[in-house]
Amino acid sequence: MKSILELKHWHIFLTIIAINFLSDINPETLPFVNPFLSLLSILVILLWPLSLGYEMNHLLPPKMKLSPTLFILNGFIIVSALCLSTVLGQDLSYSGNGLSAIPVFYGIFAILHLFTFPAKMLKSLELGRVAHFGDYAGDFFLFLFWPIGIWVIQPRVNRIKEKIDLQELAASSDTGQN
């Protein structure tokens, strides 16, 4: 199976668009299907940066490794909250005052971190060092605006993956000759 790092931008774009299109179809005979199709479309949009961040972290050299624990935890929390909200049949809204607003603020942080981590991974792989926010701020916004971001970010990811594959192939052929 192909890695998300090897997929072309139009594969990802068409998959997301097709699932979004399916979620807009509202069969009157099956009203319970629409919330699950809507959930599926949101999950597919969130799984793109989640899988990119996770897989690109494995490509970083050991001296540049960043811990993906918080990233994975935030992804799990966001996906779980969306699934739980859909299963319970509630709207995707929440309101609270005082301390009960803390989950809302953490949810906002978790979603922003879901897009920050893969942007940092991408720029770190391109620069060959751990990137700072100023380096990857543009990529962060491209992840937020996913239709445009897919067309810009995924080709860069493909180039990085090809470059690393060529380096590994060259290294393996050098050790095979010695």
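Residues numbered from 1 in each chain as written. Predicted model: local features only at pLDDT ≥ 70, side-chain atom pairs only at ≥ 80, totals over all residues. Heavy atoms only, no water.

Draft legend 1. Spotlight on the overall build of the protein. Of regular secondary structure, the protein possesses six helices and zero strands. Reading the protein from its N end, one meets helices and strands in the order α-α-α-α-α-α. When each of the 178 residues of the protein is scored for burial, the buried share is 39%. Residue pairs in contact within the protein that sit at least 24 positions apart in sequence constitute 72% of those at least 6 positions apart. Surface accessibility of the protein: about 10700 Å² in total, with carbon and sulfur atoms responsible for 69%. (Helix = DSSP H or I, 4+ residues; strand = E, 2+ residues; numbered from the N terminus. Buried < 20%, exposed > 50% of the residue type's maximum accessible area, 1.4 Å probe, protein only. Contact = heavy atoms within 4.5 Å. Areas by Shrake-Rupley, 256 points an atom, 1.4 Å probe, with all protein chains shown as cover.)

Draft legend 2. Region of the structure containing the packing of helix H2 (residues 33–59) against helix H4 (residues 102–127). Their axes nearest at 8 Å, the elements H2 and H4 cross at an angle of 40°. In terms of orientation, H2 lies oblique with respect to H4. In terms of crossing hand, the pair formed by H2 and H4 is left-handed. Taken together, the residues of H4 that come into contact with H2 (itself represented by Leu46, Pro49, Leu50, Leu52, Gly53, Met56, Asn57 and Leu59) are Leu114, Phe115, Phe117, Pro118, Met121, Leu122 and Leu125. Its residues assigned to classes, the contact of H2 with H4 comprises 13 nonpolar, two polar and no charged. (Axes fitted to C-alpha atoms, helices over the stretch in contact; angles between N-to-C directions. Parallel < 35°, antiparallel > 145°, perpendicular 65-115°, else oblique. Left-handed = near helix turned anticlockwise from the far one by under 90°. Nonpolar A, V, L, I, M, F, W, Y, C, P; charged D, E, K, R; others polar.)

Draft legend 3. Fine view of the nonpolar core. Ranked by internal contacts, the top residues of the largest apolar core, which has 40 residues, are Trp48, Leu52, Met56 and Ile153. Mapped onto this core, the elements with two or more residues apiece are helix H1 (9–24), H2, helix H3 (69–88), H4, helix H5 (133–144) and helix H6 (146–177). No other element matches the nine residues that H2 contributes to this core. (Core = buried A, V, L, I, M, F, W, Y, C linked by side-chain atoms within 4.5 Å.)

Draft legend 4. Structural view of the confidence of the model for the protein. This prediction gives the protein a mean pLDDT of 82; 88% of its residues lie at or above 70. The secondary structure element of the protein with the lowest average pLDDT is H1, at 80, and the one with the highest is H5, at 93. (pLDDT = per-residue confidence, 0-100.)

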